[in-house]
Structure formats: C-alpha cells, structure tokens
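Topology and contacts: notes
Here is how the chains run, residue by residue.
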Amino acid sequence: MEVIRGIRQMQEKALTVRAAGRSIALVPTMGFLHEGHLELMRVGRRLCDVLVISIFVNPTQFGPSEDFDQYPRDEEGDLQKARDVGVDLVFIPTAREMYPEGFQSVVHVERVTQGLCGTSRPGHFDGVTTVVAKLFNIVGPDVAVFGQKDYQQLTAISRMVTDLNMPVKIVGVPTVREPDGLAMSSRNKYLDQEERASALSLKKSLDLAERMLAEGETDAGVVRQAVESLILEHPHTRIDYVTLCDPVSLEEVTRLGEETLLALAVHVGRTRLIDNRVIRKGTPGPPEDEGAS
Ligand code: PAF
C-alpha cells in the first residue's frame, strides 16, 4: 500500500494506472475509519482493479461552531485498517494544498441540498461537493463509493455528477450498524454511556415509522409526531429534524407514497447524529422489540 500526500504525485500516479488500462475505485473519507468505511472499501475493491482512499478532514464542510478541531483523527490506525482491507493507495492531502491562497471556487448543487441537513448546516454541502469534485479531478476514478447513511450527501453528489457530466459511477452502500442497530459513525465516539443508550432512539424510530406504514398509516404528520415523541422520550435528545420526503427530490411529503425517505438528525448530548431509511408500502414492518436493547 502506497501513501501519497501531494496532489501532483496523486494525479501522476492515477495517470500511470489508467495508462496501464486499470480501473480505479475511490472511497473519499475523513478518516477515523470504522466498519462502515471498511465496507465501502470492500465494495470498491470488488468493483475495480485499483482501490484508492482519501483521508482528508475537509474544513470547508464544517460550520464555524461545528467540531472541525475536535473531529477524531488517527492516521496510524487508519493506515493499518486500510492495509488490512486491501487498499492500494491512500491519498492524504494537506488543507494548504487543497485550498491554497486565493482559492475561490465552489460547486453548488441547488435543490436537494436545501432541506434536511442543508437547513441546519448552511454551506455544508457546498463544502462536500466542492471537495469531492476536486478529489474526482485529482484521482480520476471510474467508480466512487459512498455510504447511504449520508443519504442527502449521496444524492447531492449523484446530482453533481449527472449535471456536470463527470465520468464517474457513483455507488451507494447500505448503512453498517452496531449489533444493537446504532448506525456506525466516527462521531459515536463522543457519546457517553447514557447518551449511547439514547442514540438508539434513531434506529427505533425508523422501525416505528416502518411499522406504522405497514399497519396502514400514510399521514406524514401522524408518523412524524409519533417519531418525535419516541425520540424525545429518551434523555439528552434534541431534534434537529424529522423529515418524510421523496427519496429522489428530497421534497417533503404530506402522504407516504410507495417509497418515502424518513431522515432524522438528532442531537444526543453534544453529538449530532443522523440516520435514515426508505420505507416502502407493502413491506412488513420490523417486530416491535427489534434492536430495542
Ligand atoms: O462523508 C464524508 O466523510 C465526507 O463528507 C466526504 C465525502 C469524505 C467529503 O469530505
């Protein structure tokens, strides 16, 4: 496994790989790798000849009062995990090289970035799509792999690639969960024991909504209220949003259709967690106690 820190070196390496007729999969990350990231890498490994990951805590996607400085970092541990999963190249650029003096360009995706996390994190998705566009230009991947846990991010990146004719296939990978159902996230590290228990309210509320739909409830207001009550029954929780929306346009719905995205952002203590599920009519809901431990 090779570690590359310079943009020019990464571009030259990628050119050599492509000149040899080999395909490239890219998994962009902000490091502090967990099983969710490793699953993205396994998918990338299967799809292409050469697997590249990037590790870059991207300052432009954090708001001024967010956790950029505290965001967990563990380069040594990350490199070991990447090696174990069969990564070929790790690209670790510096912020100074990614955003040199005079930098002033932004890739902005319009409508799908406006609701959900776009409301409480203004500018976040501009930071994401801009850095991902840069990574695509530097690495030139055939395939790029992202987690469905960041559903709105995946939607915005897919939109960008379609709208700007970027020659890269975007692959979304289902959320990897802890055995009790908590979606894996680098930010889970911030939770203390009580908050960790309350964090399960996210997964439980996805189950509840799915059960309500299976039992015939299609009024989005009723489902949202039930979900909010369930979350708020848990100590240390504060809701950022509970949104039922169309899974493609991300526009809010008043009635649950054949497929509806339930997306959640909840502060548990000082940690903001997100989760989501596409709930479908005609699917039996999960049993009541599933994941409730
Ligand atoms: O999902 C993430 O870790 C980041 O938003 C990404 C895609 C690596 C861009 O910085």
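Structure first, text after, so check above.
Remember, predicted model here, so these are calculated numbers, not experimental data.

Before going further, it helps to examine the site of the ligand. Taken together, Pro28, Thr29, Met30, Asn58, Gln61, Val131, Phe146 and Gln153 are the residues near the ligand. One of the side-chain N or O atoms of Gln61 is found 2.6 Å from an oxygen atom in the ligand. Within the side chain of Gln153, one N or O atom sits 2.7 Å away from an oxygen atom of the ligand. Computed on the free molecule, the ligand has an accessible area of 290 Å², of which 89% lies beneath the protein chains in the complex.

So, on to the pairing of strand E3 (residues 50-55). Burial of E3 is extensive: 6 of the 6 residues sit out of reach of the surface. On E3, burial covers both faces: Val50, Val52 and Ser54 on one face and Leu51, Ile53 and Ile55 on the other are all buried. In terms of strand pairing, strand E2 (residues 24-29) meets E3 through 6 bridges, oriented parallel. By the bridge assignment, Thr29 is partnered in E3 with Ile55. Bridge count between E3 and strand E4 (residues 89-91): 3 bridges; the pairing is parallel. Bridging from a neighbouring strand, Val52 pairs with Leu89 of E4. Following the chain from E3 across helix H3 (residues 75-85) to the adjacent parallel E4, one finds a crossover that is right-handed.

Following the criterion strictly, the structure yields 4 aromatic pairs and no others. A ring pair is formed by Phe56 and Tyr99, whose centres lie 6.3 Å apart and whose planes are at 35°; its orientation type is tilted. Here Phe56 is found in the loop between E3 and H3, whereas its partner Tyr99 is found in the loop between helix H4 (95-98) and helix H5 (117-120), with 43 residues between them in sequence. Each member of the pair Phe56 and Tyr99 is classed as buried. Taking the centre distance of 5.4 Å and the plane angle of 65° together, the rings of Phe62 and Phe68 count as edge-to-face. The exposure class of Phe68 is partly exposed, given its relative accessible area of 25%. Put simply, the rings of Phe56, Tyr99 and Phe103 touch in pairs and so form one group of aromatic residues.

Reading the values: the criteria
Residues numbered from 1 in each chain as written. Predicted model: local features only at pLDDT ≥ 70, side-chain atom pairs only at ≥ 80, totals over all residues. Heavy atoms only, no water. Near = heavy atom within 4 Å. Polar contact = N/O pair within 3.5 Å; in protein donor to acceptor, adjacent residues only side chain to side chain. Areas by Shrake-Rupley, 256 points an atom, 1.4 Å probe, with all protein chains shown as cover. Buried < 20%, exposed > 50% of the residue type's maximum accessible area, 1.4 Å probe, protein only. Helix = DSSP H or I, 4+ residues; strand = E, 2+ residues; numbered from the N terminus. Pairing = 2+ DSSP bridges. Right-handed = clockwise from strand over helix to strand, strands pointing away. Phe/Tyr/Trp six-rings, centres within 6.5 Å; stacked < 30°, edge-to-face > 60°.

In short, the description is geometric, and any link to function would need to be established separately.
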